[in-house]
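Each chain is listed here by its residues.
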Amino acid sequence: MRKLFFFLFAIASITAEAQLSVEKIMRDPKWMGTQPSNVSWSWDSKQVFFSWNPDKNISDSLYGYSLITKEISKVKYADVAFNNALNNAMYNSNYSQLVYVLKGDLYLLDVKTNKTTRITQTEELESNPKFIGKDEWIVYTKNQDLFAWNIKTGITQQLTKFGRGTEATAVPAFGGGRGANFQGGANRLTTAAVVANTGNQQDQFLQQQQLATSDIVKERKQKKDARDAFLKSHKDTDTLKVLNVGDKQVQSLQVSPDARFITYRLFTAPANNKNTIVPDYVTESGYTTDIPGRTKVGNALGNYDFYVYDKQYDTVMKVSVDSLTGITDAPDYYKDYPKYANRKPTVRAVTFGQVIWNESGTIAVLDIRSQDNKDRWIVQLDAATAKLKVIDRQRDEAWIGGPGISGFGAREGFINDNLFYFQSEATGYSHLYTFDFSSNSKKQITQGKYEVQEIVLSKTKQNFFILTNEEHPGKQNWYKIKTDGTGKEKITSMVGGYTVSLSPDEKNIAYLYSYINKPWELFVQENAANKKPTQVTTKAQSEEFKNYAWRDTKIFTITARDGQPIYARLYEPKAGTKNNAAVIFVHGAGYLQNVHYWFSSYFREQMFNNLLADKGYTVIDVDYRASSGYGRDWRTGIYRFMGGKDMEDEVDAANYLVKELGIDKDRIGMYGGSYGGFMTLITMFTAPDVIKAGAALRPVTDWAHYNHGYTANILNEPFTDSIAYAKSSPINHAAGLKNHLLICHGMVDVNVNFQDAVRLNQRLIELGKDNWEMAVYPVEDHGFVEPSSWTDEYKRILKLFDTYLLK
């Protein structure tokens, strides 16, 4: 009798824990609890601010946690804008003052006295303030011009005046030294000339001819020139010459610490680019409307030019990139195309980042990228001559990327007047480096087969605070390390993931922390080793959410066919419930990590995978080639062949399921969204016997129709590397479909356009395939919002698997 009781109790326990349903897990996520986000500090380091929604309102509100009272309170709506403004404040060099923008106006706050001074009160928008001139001036942008405000006198001075007149040709980089006769010579061009030099060669010839044939005209011109020179030497110092830029856009407008040099880039927008159009069928008006979309890969990118305006010499100079090491290098893939065999060396188009000055204004650094994203040059800019000197070149035949490197949000800056820090994947992993201008030498600060994922330079300039995954690719921790690479200390200690915010006084850190099956909560801790964290929030898990025993999934590695370790996560069914069928979940984005020890951003899919495991399925999720967190070679492993090594990693995972876990090879399913949808298609089309049933959600079906920024990095451009696109686009391999396919797509998807699904739909019809179906969602963009859409989609996925994998 006792044995029977325990048997029935065990069955009841299993039944009680197996109450997940698609309808339940796809509800509004508020049912799970409320997770804090967007952590920041008050300027005085006494409060931590964060977004939160413990009352399950329509949207999150701003809350504050006091380090003094240890209490949480809701921030008044009127104070939210003020707190947001202070989050983006700029400090002076000794951190005694800060300047911030609030509702388009500028304010100065004295940290010691807590006194606030309003700098501007205008209808125009002032932005991008910072301290210059030994912290005596605050420079800012208004109407695409620079202005400076003197802290002591309150005087405002306009520094630039850009106009829309015909653009003139600026002088090239100046090759000679500075002399008293700076306005003479072919290498100089005054601002006046920048405006006036608009004639063509024929006009110049006629002018010179007239002067040569008439003494009177020549004499009159000499008198006029003499008068102009006299007036110029006695001009009002408040008079600004117009820097005409034509129809180009002024960007990245900056000034040197001594206010002598103005740097800026001009962007010429491409002509005749076409944008996609996304029809919206379900609208308030009842009419179909068109949503303006993006361009497609291969469309023109526009052109960037960079200039230095020397106010002391009233001179504009254009920065030339012709001297950059490797600027004419052709990519290796050109070797696959005979048409490039006789290509002449060509200076590649580039983009320019922000100029970074040292505190004294003696050294300027500029980050330059080739538009094909195969080169990054960190250069020293000699503002007096507009010449460049390369201090570090990063070259990748695939594409430049990695933590702290991708795009112009790169983490770099000056430690002191002669020491500059930056990140590079030179060793195969993103690490921290310094360059010493006094010795012209580079030094690697961190080493190892791991990534430095965040960097904060301490205010004392003696230490870095860094977030790395050195203990395990899927585990993060916060460290303190001296700027010379010594004295490294681990500050955090819990296993999982962190999003860290450092207090302004650097004594404390506030961070979001989570574990595999525990959503994000807010913690506060002293910013030092061996300190115990204080948990601030406790509402990330509702009682209903906690009532289910979410799996603490096993994380391990599978050996790929080329010997590389593939990190994987396993959702295993309870003992006695295994049905010998399996499902492979494929994460999206490509460059994203999902096999880790923190709570996944794919929380719906995580819950669905638990549901599948409850039904007896074994579910595996792998960080295939191209996933983040594993260094350069893993990141670029799909170069020129999406659906190559990444797809092979998924097939190797399927083989692991069969050989090691006893899964029936004819009962394996796959699903994923976006890049995961693409992976489902390419696997089912090119390895048709591996996947019995697959669900491709919002998939890319033809990479030639996706955006430029993402696709061109990996596959180059369709008209320059057609081989890569032919291999990588599922629509080209659709004839290989053998088993059962479900396609789901939102109709107002402005990322992967619904057109992708429609074109594949037509291709499958023409191929005579009848083992597929498509579900469309009229009100959904790329990321679904409505619970009803999520529910419908995942009920279809579950039905697909149950129908074809449980036979």
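These lines cover the structure that appears in this document, whether it is placed above or below. (Residues numbered from 1 in each chain as written. Predicted model: local features only at pLDDT ≥ 70, side-chain atom pairs only at ≥ 80, totals over all residues. Heavy atoms only, no water.)

### Points about the overall build of the protein
At step 1: When helices and strands are counted, the protein shows 15 helices and 44 strands.
At step 2: For 807 residues, the compact-globule formula gives about 28 Å, and the C-alpha radius of gyration of the protein, at 31 Å, lands near that figure.
At step 3: Dimensions of the protein, computed from C-alpha atoms along their principal axes, come out at roughly 120 × 70 × 60 Å.
At step 4: Split into buried and exposed, the 807 residues of the protein put 53% on the buried side.
At step 5: The contacts of the protein with a sequence gap of at least 6 include a subset with a gap of at least 24, amounting to 57%.
At step 6: For the protein, the exposed area adds up to about 37,200 Å²; of that, 50% sits on carbon and sulfur atoms. (Helix = DSSP H or I, 4+ residues; strand = E, 2+ residues; numbered from the N terminus. Rg over C-alpha atoms; globule rule 2.2 N^0.38 Å. Buried < 20%, exposed > 50% of the residue type's maximum accessible area, 1.4 Å probe, protein only. Contact = heavy atoms within 4.5 Å. Areas by Shrake-Rupley, 256 points an atom, 1.4 Å probe, with all protein chains shown as cover.)

### Topic: the nonpolar core
Looking at soluble globular proteins, one finds that nonpolar side chains tend to be buried together.
At step 1: One finds Ile 584, Ile 620, Trp 703 and Leu 741 to be the most contacted residues of the largest nonpolar core, which totals 82 residues.
At step 2: In this structure Leu 741 touches Leu 681, Met 684, Phe 685, Gly 694, Ala 696, Leu 764, Asn 771, Trp 772 and Glu 773, once residues within four positions along its chain are discounted.
At step 3: By size, the runner-up hydrophobic cluster in this structure holds 55 residues, among which are Val 22, Val 39, Phe 599 and Leu 805. (Core = buried A, V, L, I, M, F, W, Y, C linked by side-chain atoms within 4.5 Å.)

### Overview of a nonpolar patch on the surface
At step 1: Taken together, the side chains of Tyr 281, Val 282 and Val 779 present a nonpolar region at the surface, about 290 Å² in accessible area.
At step 2: By the element assignment, Val 282 lies in the loop between β17 (277-280) and β18 (289-292). (Patch = residues over 30% accessible without salt bridge, like charges linked within 9 Å, V, L, I, M, F, W, Y side chains within 5 Å. Salt bridge = Lys/Arg side-chain N within 4 Å of Asp/Glu carboxyl O.)

### Considering helix α8 (residues 603-614)
At step 1: The terminal C-alpha atoms of α8 lie 17 Å apart, and with 12 residues this matches the ideal 16 Å at 1.5 Å per residue to within 8%.
At step 2: Within α8, 12 of the 12 residues are buried, which leaves it mostly tucked inside the rest of the structure.
At step 3: Every buried residue of α8 is accounted for by Phe 603, Arg 604, Glu 605, Gln 606, Met 607, Phe 608, Asn 609, Asn 610, Leu 611, Leu 612, Ala 613 and Asp 614.
At step 4: Residue Gly 616 follows α8 closely and has a positive phi angle near 105 degrees. (Expected span 1.5 Å × (residues − 1).)

### Digging into the pairing of strand β23 (residues 375-382)
At step 1: With six of eight residues buried, β23 lies mostly within the body of the structure.
At step 2: Pairing between strand β22 (residues 364-370) and β23: six bridges, direction antiparallel. Following the sheet pairing, Ile 368 is matched in β23 by Trp 377.
At step 3: The loop that links β22 with its antiparallel partner β23 comprises four residues; one of these, Asn 373, has a positive phi angle of about 60 degrees.
At step 4: With eight bridges joining them, β23 and strand β24 (residues 387-395) adopt antiparallel strand pairing. Residue pairing across strands places Asp 382 opposite Lys 387, the latter belonging to β24. (Pairing = 2+ DSSP bridges.)

### Focus on the packing of helix α10 (residues 645-661) against helix α11 (residues 675-686)
At step 1: Their axes nearest at 10 Å, the elements α10 and α11 cross at an angle of 75 degrees. As the angle between them shows, α10 and α11 are arranged roughly perpendicular. Residues Asp 646, Met 647, Glu 650 and Val 651 of α10 touch α11, and the partners they reach there are Tyr 675, Phe 678, Met 679, Ile 682, Thr 683 and Thr 686. (Axes fitted to C-alpha atoms, helices over the stretch in contact; angles between N-to-C directions. Parallel < 35°, antiparallel > 145°, perpendicular 65-115°, else oblique.)

### Quick look at the packing of aromatic side chains
At step 1: According to the stated counting rule, one finds 50 aromatic pairs in the structure shown.
At step 2: Ring geometry for Tyr 100 versus Tyr 107: centroids 5.4 Å apart, planes at 10 degrees, classification stacked.
At step 3: A residue is classified by how much of its surface remains accessible, and Tyr 100, at 3% relative accessible area, is buried.
At step 4: For Tyr 107, a relative accessible area of 12% translates into the label buried.
At step 5: Ring plane angle 20 degrees and centroid distance 6.1 Å describe the contact between Trp 703 and Tyr 710, whose orientation is recorded as stacked.
At step 6: Here a set of aromatic residues connected by ring pairs shows up, and it is made of Phe 585, Tyr 602, Phe 608, Tyr 671, Tyr 777, Phe 784, Trp 790, Tyr 794 and Phe 801. (Phe/Tyr/Trp six-rings, centres within 6.5 Å; stacked < 30°, edge-to-face > 60°.)

### Notes on the sheet that holds strand β10 (residues 137-142)
At step 1: Here we have four strands laid out as an open sheet, ordered β9-β10-β11-β12, and antiparallel in their pairing. What marks the edges here is a single partner per strand, and that holds for β9 (126-132) and β12 (156-158). The sheet shows a mean angle of 25 degrees between the axes of neighbouring strands, direction not considered.
At step 2: As paired elements, β10 and strand β11 (residues 145-150) share six bridges and run antiparallel to each other. Residue pairing in the sheet places Trp 137 in a bridge with Asn 150 of β11.

### Comments concerning the pattern of salt bridges
At step 1: Per the counting criterion, the structure on display carries 38 salt bridges.
At step 2: With a shortest N-O distance of 2.7 Å, Asp 105 and Arg 118 are connected by a salt bridge. With Asp 105 in strand β7 (residues 105-110) and Arg 118 in strand β8 (residues 115-118), this pair connects stretches of sequence that are 13 residues apart.
At step 3: Under the relative-accessibility criterion, Arg 118 is labelled partly exposed at 38%.
At step 4: Residue Glu 412 is joined to Arg 376 by a salt bridge in which the shortest nitrogen-to-oxygen separation is 2.9 Å. Linking Glu 412 in the loop between β24 and β25 (413-416) with Arg 376 in strand β23, this pair joins segments that are 36 residues apart in sequence.
At step 5: The network of salt bridges with common partners includes Asp 329, Arg 348, Asp 372, Asp 375, Arg 393, Arg 395 and Glu 397.

### Focus: the sheet that holds strand β32 (residues 489-490)
One key point about sheets: their strands pair by backbone hydrogen bonds, in either a parallel or an antiparallel sense.
At step 1: Across the sheet, which stays open at both edges, the four strands sit in the order β29-β30-β31-β32 with antiparallel pairing between neighbours. Of all the strands in the sheet, the pair left with one neighbour each is β29 (452-457) and β32.
At step 2: Pairing between strand β31 (residues 475-482) and β32: two bridges, direction antiparallel. Each bridged residue has a counterpart across the sheet, and for Tyr 479 the counterpart in β32 is Lys 490.

### Looking at α11
Each full turn of the α-helix corresponds to 3.6 residues, which orients residues three or four apart in the same direction.
At step 1: Compared with an ideal rise of 1.5 Å per residue, which puts 12 residues at 16 Å, α11 spans 16 Å between its outermost C-alpha atoms and is within 8% of the ideal.
At step 2: Of all 12 residues in α11, 11 are buried, a share of seventy percent or more.
At step 3: Along α11, the residues classified as buried are Tyr 675, Gly 676, Gly 677, Phe 678, Met 679, Thr 680, Leu 681, Ile 682, Thr 683, Met 684 and Phe 685.

### Observations regarding the environment of Thr 791
At step 1: With respect to the helices and strands, the residue Thr 791 is situated in helix α15 (residues 787-805).
At step 2: At 2.8 Å, the side chain of Thr 791 forms a polar contact with the backbone oxygen of Pro 787. (Polar contact = N/O pair within 3.5 Å; in protein donor to acceptor, adjacent residues only side chain to side chain.)

### So, the side chain of Ser 51
At step 1: Mapped onto the fold, Ser 51 is located in strand β2 (residues 47-52).
At step 2: On the accessibility criterion, Ser 51 (14% relative accessible area) is buried.
At step 3: In terms of polar contacts, Ser 51 uses its side chain to reach the side chain of Asn 38, at 3.3 Å.
At step 4: Residues contacting Ser 51, with those up to four places away along its chain left out, are Gln 35, Pro 36, Ser 37, Asn 38, Asp 60, Ser 61 and Leu 62.

### As for the environment of Tyr 309
At step 1: Tracing the sequence through the fold places Tyr 309 in strand β19 (residues 303-310).
At step 2: Considered as a pair, Tyr 309 and Val 255 are 54 residues apart in the sequence and their alpha carbons are 9.4 Å apart.
At step 3: Only 3.1 Å separates the side chain of Tyr 309 from the side chain of Asp 314, close enough to count as a polar contact.

### Section: the packing of α8 against α15
At step 1: Where α8 meets α15, the closest approach of the two axes is 12 Å, and the angle between their N-to-C directions is 35 degrees. Seen from above, α8 lies across α15 with right-handed handedness. The segment α8 lies against α15, with Arg 604, Glu 605, Phe 608, Leu 611 and Leu 612 engaging Trp 790, Tyr 794, Ile 797, Leu 798 and Phe 801.
At step 2: Considering only residue class, the contact of α8 with α15 consists of eight nonpolar, no polar and two charged. (Left-handed = near helix turned anticlockwise from the far one by under 90°. Nonpolar A, V, L, I, M, F, W, Y, C, P; charged D, E, K, R; others polar.)

Distances and angles like these do not, on their own, reveal function.
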